[in-house]
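# A closer look at the structure
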Amino acid sequence: MKTVASIVQFFRDSQSPINSALQKKAESAQDGVSSECILQISADSRIIGPFDCFIALKGEKQHGLDYLESVLLKQPGLVVSDKLLSSAQQEMMKECPFLYIENLSERLGAFADWFYDAPSQQVKVIGITGTNGKTSTAFYTAQFLEALGHRTALIGTLGNGLFGDLKATQNTTPDVVSVHRLIAQFKAQGAHFVVMEVSSHALTLQRIENLCFEAVALTQVTRDHLDFHGSVEAYQSAKKQLFTEYTSLHKIINVGDEVAQQLLAYPSNEKALFGLFRYTTKPCVEAELSCINTELTPSGLLLQLRLTLNETTDEEAVKVPLMGAFSVENILCASAIILACLEKSSLSLKKITRLLSQLNSVEGRMQMIQPGLVVSKEMPILKDIMSFSEGVDQHVHTNNRLKEAKIWPTVIVDFAHTPDALEQVLGAIKAHVQAVDNVNNNVNQNADNDANHDVDHDVDNTEAEQGVAQSGKLWVVFGCGGDRDQGKRPLMAKVSERIADTVMVTDDNPRFESPAQITQQIMTGFSVPERVLQVSNRQQAIEKVLSLAKAEDVVLIAGKGHENYQDICGVKQPFKDADIVQNWLNNKVRANTGE
């Protein structure tokens, strides 16, 4: 526990100019200030409590001292600022110690690290950066660690907290004081690992100062946030800082990425290359972990992985229940993190592939729903659901063909609610459906060729036909939110009609707008509107499509993703797409198993 006097001493030792009046006051044991304990530190005036230290800094539009009056009502134990008090503020501060520190923002990382007793050295912190894939990779990594018995916390887009109990957050990476406070909190809650997304803003704005990492990882870097960084070069430079300016035992990089290649191009940079672990989707590129073959199936990805460690090479095939070829890099990155961090535990590639076979997608992001899985507030933990799909959905891979026995369509829930997002998601799913068509065409072609030979191939042809998944159709259920951009409504219709085989239009969040009017505007975008299904009630629309779709089909339910409500006339009524699907699938399984 830190006192006001010890905080004054910290800044004096760090050679930061401090307010001499408070220094003398804090050093005086008679007034009792020096022995007053400070419980927490925060730069957010909304979460300050009694005996906390409020850090008042200059923001984009206002200064923290602008909230001083409301903060003092909460009876803080200390206020530290990079700005001197006005006369009026000095009057308000008579009962609370105040400390003025020049260049305070530059000292916050060290201060928070000291105040919370170097929390990043007491738990294993994994930092993940990149333009795309940070959120999914962090989520997969946390799933793996939990399944392997390591209590894990997350900091990122999905929220902050122990895995399965995340609290919403505004920034991908919080301010530096919050980061240290959160890690200390997670340690107190028993976390062994903390997996955090590290944004380019966080690196530039020093939000991770004084953190020590067990591992840092790079997904891939494209063009983004130029409004903040000014140029592609500055953006890339920010990403590289995680590997060149912070202590880490392991560095996991996608060797096919341009920024990763830049890091590798400077062998003299020992800090950037220390503990290097490479992964790639290109089979000809040298790396510790490679995906040497990818096949799209109606219900996921079939991957052939290769691991080369200590001059020993191992290969394993695995079916991953995730959609979209873009997921492969995220899968590899998370797997590489686990292999690097737990290498001393003799973690085998076979164990990694077993975890991959049970992997859950990020809630509301290309989320594949399976019977028996809980998809409510707390996402399922792998070790608790290993057996749920056994005996229900059997997959056998023979001669590079997938044999599937299912009694329900593949169902995906996604947040896509703009024309561009819907097009990307539908396109990614369509690739899975078309991949099956291509396999079927190849088998049929082989059967025709065999028929031209004198040798009887009836048995072989039958086996081939049985080993190929049936060609399915792509269904999409979507609507548009009320009191929002009306121009996108016909555009989403055009996208869905062009890519999907069957379209169901339903309500989204109508808010205060007429659902019938929204649907009417959507329908103007279809060239053949009579082929489009319409059911206003969203639950009924979802259940109707699920009942019509066949086992080999894929159904996308778009627009609401992780949302757990439907906004109707300003009232947020409990509603979650995944729950509707879950109940339907569970009932389907019970009906077919006689339960």
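Before reading on, note that the structure itself is shown above.
The rules behind these values
Residues numbered from 1 in each chain as written. Predicted model: local features only at pLDDT ≥ 70, side-chain atom pairs only at ≥ 80, totals over all residues. Heavy atoms only, no water. Buried < 20%, exposed > 50% of the residue type's maximum accessible area, 1.4 Å probe, protein only. Helix = DSSP H or I, 4+ residues; strand = E, 2+ residues; numbered from the N terminus. Pairing = 2+ DSSP bridges. Axes fitted to C-alpha atoms, helices over the stretch in contact; angles between N-to-C directions. Contact = heavy atoms within 4.5 Å. Patch = residues over 30% accessible without salt bridge, like charges linked within 9 Å, V, L, I, M, F, W, Y side chains within 5 Å. Areas by Shrake-Rupley, 256 points an atom, 1.4 Å probe, with all protein chains shown as cover. Salt bridge = Lys/Arg side-chain N within 4 Å of Asp/Glu carboxyl O. Expected span 1.5 Å × (residues − 1). Arc of directions from axis to C-beta. Core = buried A, V, L, I, M, F, W, Y, C linked by side-chain atoms within 4.5 Å. Phe/Tyr/Trp six-rings, centres within 6.5 Å; stacked < 30°, edge-to-face > 60°. Lys NZ or Arg CZ within 6 Å of the ring centre and 35° of its normal.

### Some remarks on the pairing of strand E10 (residues 193-197)
A large share of E10 lies buried, amounting to five of its five residues. With burial as the criterion, each face of E10 is covered, one bearing Phe 193, Val 195 and Glu 197 and the other bearing Val 194 and Met 196. Relative to E10, strand E7 (residues 124-129) runs parallel, the two sharing five bridges. Counted as the bridge partner of Gly 127 is Met 196 from E10.

### With respect to the sheet that holds strand E13 (residues 276-280)
Here we have ten strands laid out as an open sheet, ordered E9-E8-E10-E7-E11-E12-E13-E14-E15-E16, and mixed in their pairing. Two strands in the sheet have a free side with no partner beyond their single neighbour: strand E9 (159-162) and strand E16 (312-320). Between one strand axis and the next, the sheet turns through 15 degrees on average, direction left out of account. The strands touched by helix H6 (residues 134-147) within the sheet are E7, strand E8 (152-156) and E10, with E10 carrying the most contacts at an inclination of about 170 degrees. The strands that helix H7 (residues 176-188) touches are E7, E8, E9 and E10; relative to E8, the one it contacts most, it runs at about 165 degrees.

### What to know about a nonpolar patch on the surface
A cluster of nonpolar residues, Met 1, Leu 39 and Phe 51, forms a patch on the protein surface that exposes about 340 Å² of accessible area. Mapped onto the elements, Phe 51 comes out in the loop between strand E3 (41-42) and strand E4 (53-56). Of the residues examined, Phe 51 reaches a relative accessible area of 44% and is grouped as partly exposed.

### Focus on helix H18 (residues 488-499)
If you check H18, its first and last C-alpha atoms are 17 Å apart, about what twelve residues at 1.5 Å a residue would give, namely 16 Å. Buried within H18 are the following residues: Lys 488, Arg 489, Met 492, Ala 493, Val 495, Ser 496 and Ile 499. One face of H18 carries all of its buried residues, which in axial projection span an arc of 165 degrees.

### Considering the nonpolar core
The biggest cluster of nonpolar side chains holds 46 residues, and the ones touching the most others in it are Ile 126, Ile 252, Leu 289, Leu 303, Val 320, Ile 331 and Leu 356. In terms of residues, this core owes the most to one element, helix H13 (residues 327-341), which gives eleven residues. Excluding residues that lie within four positions of it along the chain, Ile 252 makes contacts with Ala 215, Val 216, Ala 217, Leu 218, Phe 243, Phe 277, Tyr 279, Cys 333, Ala 336, Ile 337 and Ala 340. Core analysis: the next-biggest nonpolar cluster, separate from the first, contains 31 residues, Ala 153, Val 198, Ala 202 and Val 259 among them.

### A word on the sheet that holds strand E6 (residues 98-100)
Here we have four strands laid out as an open sheet, ordered E3-E4-E5-E6, and parallel in their pairing. Single-partner strands in this sheet number two, and they are E3 and E6. Taken together, the four bridges between E4 and strand E5 (residues 78-81) define a ladder with parallel strand orientation. Note that in E5 the partner of Ile 55 across the bridge is Val 80.

### Brief notes about the packing of aromatic side chains
On inspection of all chains with the given rule, the structure shows nine aromatic pairs. Note on Phe 213 and Tyr 246: the rings are 6.2 Å apart at their centroids and 85 degrees apart in plane angle, and the pair reads as edge-to-face. On the criterion of sequence distance, the pair formed by Phe 213 in strand E11 (residues 213-218) and Tyr 246 in the loop between helix H10 (232-244) and strand E12 (248-254) is long-range, its members being 33 residues apart. Overall, Phe 213 belongs to the buried group, its relative accessible area being 4%. Among the aromatic residues, those joined into a ring-pair cluster are Phe 10, Phe 11, Phe 111, Trp 114, Phe 115 and Tyr 116. Stacked on the ring of Tyr 565, the Lys or Arg Lys 560 has its end atom at 5.2 Å from the ring centre. The ring centre of Tyr 565 lies 4.5 Å from the NZ or CZ of Lys 572, which sits over that ring.

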